[in-house]
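Residue-level structural notes
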Amino acid sequence: MSNKKILKCLVISAMILLGGSYVHANQEFMPVSEVKEGMHGYAKTVIHGTKIDTFYVDVMGVMKKQGNTGGDLILVKVSGPVIDESNGIAQGMSGSPVYINGKLLGAVAYGFSNSGGRIGMVTPISDMLGLWTIDDNKKATSHTLPDGLIPIKTPLMSTGYTEDAIKYLEKRMKDFNMYPLSAATSSVDEIARPLEAGGAVAATMVTGDLKLGAVGTVTYVDKDHIVAFGHPFRNTGSTSYFMNNSYIFTVIPSTDTPFKLASVGADIGEITQDRVEGIAGINGIIPDFASFHAYVKDKDTGEHRNLNVKMIQDEKIIASLTSTSAYSAVNSTINRKGEGTVTLKYTLYPKDLKKKPFTRSNMFWSSVDISEKSVEELYNAISILAQNQFEKFPLRSITLDAEVTKERKTAQLLDATAAPTIVSPGDMIYIRVRLQSYRGNIFYKDLTFTVPKDQPLGEMTLEVRGGGVVPLPYLIQQQQLNFSDEVIDRLRKYKDFDDLFNKLEESDQNNQIVVEILNTDSGMPDKKIDKKVENLEAKEENNNSKSKTRLKTDYIVYGDGQFTFQVMNPSDKDKELKKLTKEKRKVKLDFSKDSSENPTA
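Residues numbered from 1 in each chain as written. Predicted model: local features only at pLDDT ≥ 70, side-chain atom pairs only at ≥ 80, totals over all residues. Heavy atoms only, no water.

The name given to the protein chain in an unreviewed UniProt entry is Peptidase S55 domain-containing protein, with Dialister micraerophilus DSM 19965 as the source organism.

Written out as structure tokens, the structure is:
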């Protein structure tokens, strides 16, 4: 913002606060000091299309220092055909400009519970204009509102999402106290229109093939700057949402909370402030965003789809926005809900071009909802990296390639053989694993494991498992200690961001056979608690160590079991091996049957 613009806004605010009226751009403002009980005025809003309608406003009084930031609020009663038709103040009317004697007083922003939607509160325009001059480093504030006073909720309109995706979206948005509504699209959505006081505007988080935004009303426009809502959307402070036009289809009346059903239209600018006084935006500015591209193919039908969206740069919500977009892409491609196997690869490209992209491949099976299973790991990976404790990790773009089939592509580990059974540090062990695909044939996989050069002499236990399977001894130990998944997560320790990044990227895949050294103290009931905690910590470290072998398969692999080997120095090993050769002994392992459909990886 230019110094001239800042000075102009400061003059406006100062004049209002000092009790005088100020005319700007043919609009005169009314300070709170001039407000009297019994004053009659009107407010502007859209109830259909883009046409601005009006409703009556009567001032009931001023509530001193009752606003979110300790400012004043004006108590009003609303009436008229618009209010009768909507059965009260509707969601989406927040920001409706209120005029008394031709002067702009502020925005309808709050209502009272159990008031029939006829009693509301107005945020003074003086407070809202301060959004144009606020310090970008100033954090958003939150204060307790008077009893019974609630913000007029802002509808979260979604277009392009499937019905199942809307349900998934609702689940993800509950963490942010937002409830999406499925809306249609309008023929004028792609036409950029100038904003005006009383017109509809959307603060948008996702735009492109899918759209997701909060719809409210513009309070005041000064050339390319606007203020709206009169209360916060998410109260994130300085922000960068997309600013979009909106077309109002109708107002849905309700005895609970009526709301405007609207579309999210053309991108027209950026919402730069989201605070208790309302939101502020600038027309013609492109906000900071992360792009998401998904390609999904249904292997059964041959149907395939590309999805392209842009999402706001917000580390707290970008995982939810990405996963809901991905869910919709998968769900719309397979056009069903239920079981399936997905094979996917995704890449997270950091905004900092010097940083390494994060890339993962995996397979998942679900008997309930393969669309949701497809996005589970993607959501977790973005959440962990975006909100890590070490450094900021903004994303430039995200890509997802997925193939889905209704076929169950899982396999059970049946047994395995290994040789030699007596080894020295640095030796190679040859392992053959026998597997059976679901309702299919038996097949074999060969792999090797190299004994670490620093492996202590004595007994060594090797775990052979599916990549997403937690070894049975660890599960027993976790149950004995009554450790929840949250506790286990807290045992994971990372040195720095690079350590977190690498361990997350290199974690086991569900379609791998994994061979690794097992902590032999696991699951023993006679050990002390603190020792068991140490063992679990060691397990978490070992899970990403180099002392393991992985072999990729075409199936999600279930089952696990253990081999026991004797580690000796070379001279002792040779003597023992000669004895075993005469006895023709061989190690064979029977695997535990694991009927689980959800590996933990």
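Our next topic: the pairing of strand E19 (residues 304-312). Strand residues, when the strand is regular, have side chains that alternate between the two faces of the sheet. Both strand E12 (residues 200-208) and E19 contribute to a ladder of three bridges, which runs antiparallel. Paired with threonine 207 across the bridge in E19 is lysine 310. Across nine bridges, strand E18 (residues 289-298) lies against E19 in antiparallel orientation. By the bridge assignment for E19, alanine 290 is matched with methionine 311. Two successive antiparallel strands, E18 and E19, enclose a turn made up of five residues, where glycine 302 displays a positive phi of approximately 85 degrees. (Pairing = 2+ DSSP bridges. Helix = DSSP H or I, 4+ residues; strand = E, 2+ residues; numbered from the N terminus.)

The five strands are arranged E24-E31-E27-E28-E29 in an open sheet whose pairing can be described as mixed. Of all strands in the sheet, those bounded by a partner on one side alone are strand E24 (422-423) and strand E29 (548-552).

A few words on the packing of aromatic side chains. For the structure on display, the rule yields 14 aromatic pairs. Here the aromatic rings of phenylalanine 242 and phenylalanine 289 are separated by 6.2 Å at their centres, their planes lie at 40 degrees, and the arrangement is tilted. Placement of phenylalanine 242 in strand E15 (residues 237-252) and of phenylalanine 289 in strand E18 is noted, with a sequence separation of 47 residues between them. The class of phenylalanine 289 is partly exposed, set by a relative accessible area of 29%. Seen from their ring centres, phenylalanine 393 and phenylalanine 497 are 5.2 Å apart, and the 40 degrees between their planes marks the pair as tilted. (Phe/Tyr/Trp six-rings, centres within 6.5 Å; stacked < 30°, edge-to-face > 60°. Buried < 20%, exposed > 50% of the residue type's maximum accessible area, 1.4 Å probe, protein only.)

Quick look at the nonpolar core now. Generally speaking, a soluble globular protein has its nonpolar side chains buried in company with each other. Judged by nonpolar contacts, the single largest core of 67 residues is most densely connected at Met205, Phe233, Phe292, Leu321 and Leu348. Mapping this core onto the domain boundaries places at least three of its residues in each of domain 2 (156-287) and domain 3 (290-405). Discounting chain neighbours no more than four positions away, the residues touching leucine 348 are Pro357, Phe358, Leu378, Ile382, Leu385, Leu395, Ser397 and Ile398. (Core = buried A, V, L, I, M, F, W, Y, C linked by side-chain atoms within 4.5 Å. Domains from an automatic or database assignment. Contact = heavy atoms within 4.5 Å.)

The next thing to look at is the packing of helix H4 (residues 163-173) against helix H5 (residues 318-334). Where H4 meets H5, the axes come as close as 9 Å, and the angle between the chain directions of the two elements is 165 degrees. Taken together, the axes of H4 and H5 lie roughly antiparallel to each other. In this structure, the crossing between H4 and H5 has a hand that is right-handed. Facing Asp164, Ala165, Tyr168, Leu169, Arg172 and Met173 of H4, the residues of H5 in contact are Ser320, Leu321, Ser323, Thr324, Tyr327, Ser328 and Asn331. Looking at side-chain class alone, the contact of H4 with H5 contains six nonpolar, five polar and two charged residues. (Axes fitted to C-alpha atoms, helices over the stretch in contact; angles between N-to-C directions. Parallel < 35°, antiparallel > 145°, perpendicular 65-115°, else oblique. Left-handed = near helix turned anticlockwise from the far one by under 90°. Nonpolar A, V, L, I, M, F, W, Y, C, P; charged D, E, K, R; others polar.)

Here we come to helix H6 (residues 370-386). Under the 1.5 Å per step criterion, the end-to-end length of H6 is 25 Å for 17 residues, consistent within 8% with the ideal 24 Å. Roughly 30 degrees is the biggest bend found in H6, and it falls at glutamate 376. H6 sits mainly inside the fold: 13 of its 17 residues count as buried. (Expected span 1.5 Å × (residues − 1). Bend = angle between axes of the 7 residues up to and from the residue.)

Buried residues dominate strand E28 (residues 512-517), accounting for six of its six residues. Here E28 shows two buried faces, one formed by Gln512, Val514 and Glu516 and the other by Ile513, Val515 and Ile517. Of the strand pairs in this sheet, E28 and E29 are connected by five bridges, and their pairing is antiparallel. Counterpart to isoleucine 513 in the pairing with E29 is leucine 551.

Attention now moves to the pattern of salt bridges. Applying the stated rule across the entire model yields 25 salt bridges. The closest approach of N and O atoms between lysine 573 and aspartate 427, which form a salt bridge, is 2.8 Å. Separated by 146 residues along the polypeptide, lysine 573 in helix H11 (residues 570-583) and aspartate 427 in the loop between E24 and strand E25 (428-437) bring together distant segments of the chain. For the pair lysine 573 and aspartate 427, one class covers both residues: buried. Each of the salt bridges in this network shares a partner with another, and the network as a whole consists of Arg465, Asp508, Glu516, Lys548 and Arg550. (Salt bridge = Lys/Arg side-chain N within 4 Å of Asp/Glu carboxyl O.)

This part is about unusual backbone geometry. With glycine set apart, most residues show a phi of negative sign, and most peptide bonds adopt trans. Along the chain, alanine 419 connects to proline 420 via a cis peptide bond; the corresponding omega equals -5 degrees. The residue proline 420 is located in the loop between strand E23 (410-419) and E24 in this model. Backbone geometry at asparagine 87 places phi at a positive 60 degrees, although glycine is not the residue there. Relative to the helices and strands, asparagine 87 is located in the loop between helix H2 (81-86) and strand E6 (96-100).

A few words on the side chain of arginine 234. Summarising the element assignment, arginine 234 is placed in the loop between strand E14 (225-228) and E15. What makes arginine 234 buried here is its relative accessible area of 17%. Within polar-contact distance, the side chain of arginine 234 engages the side chain of aspartate 314 at 2.7 Å. Not counting the four nearest positions on each side in its chain, arginine 234 is found in contact with Phe176, Met178, Met205, Tyr241, Asp274, Ile312, Asp314 and Ile317. (Polar contact = N/O pair within 3.5 Å; in protein donor to acceptor, adjacent residues only side chain to side chain.)

A word on the packing of H6 against helix H9 (residues 497-505). Interaxial distance between H6 and H9 falls to 11 Å at its minimum, and their mutual angle equals 175 degrees. As judged from the angle between their axes, H6 and H9 are roughly antiparallel. Facing H6, whose interface residues are Ala381, Ile384 and Leu385, H9 presents Phe497, Leu500, Phe501 and Leu504. Partitioning the contact of H6 with H9 into residue classes produces seven nonpolar, no polar and no charged.

Note on placement: threonine 162 falls in the loop between strand E10 (156-159) and H4. Looking at threonine 162, the relative accessible area reads 16%, which means it is buried. At a separation of 2.5 Å, a polar atom in the side chain of threonine 162 contacts the side chain of asparagine 331. With residues up to four places along the chain from it excluded, the contact list for threonine 162 reads Ser328, Asn331 and Ser332.

This part takes up the environment of glycine 278. Among the secondary structure elements, glycine 278 is positioned in strand E17 (residues 278-283). Sequence spacing of glycine 278 and glycine 95 is 183 residues, and the spatial spacing of their C-alpha atoms is 7.9 Å.

Before going further, it helps to examine the confidence of the model for the protein chain. Mean pLDDT for the protein chain: 86, with 80% of residues reaching 70 or above. Note on residues 15-23: pLDDT under 50 across the span, and 24 contacts to partners over four residues away in sequence or across chains. Residue range residues 595-601 is modelled with pLDDT below 50. Its contacts to residues more than four positions away, or to other chains, number 23 contacts. (pLDDT = per-residue confidence, 0-100.)

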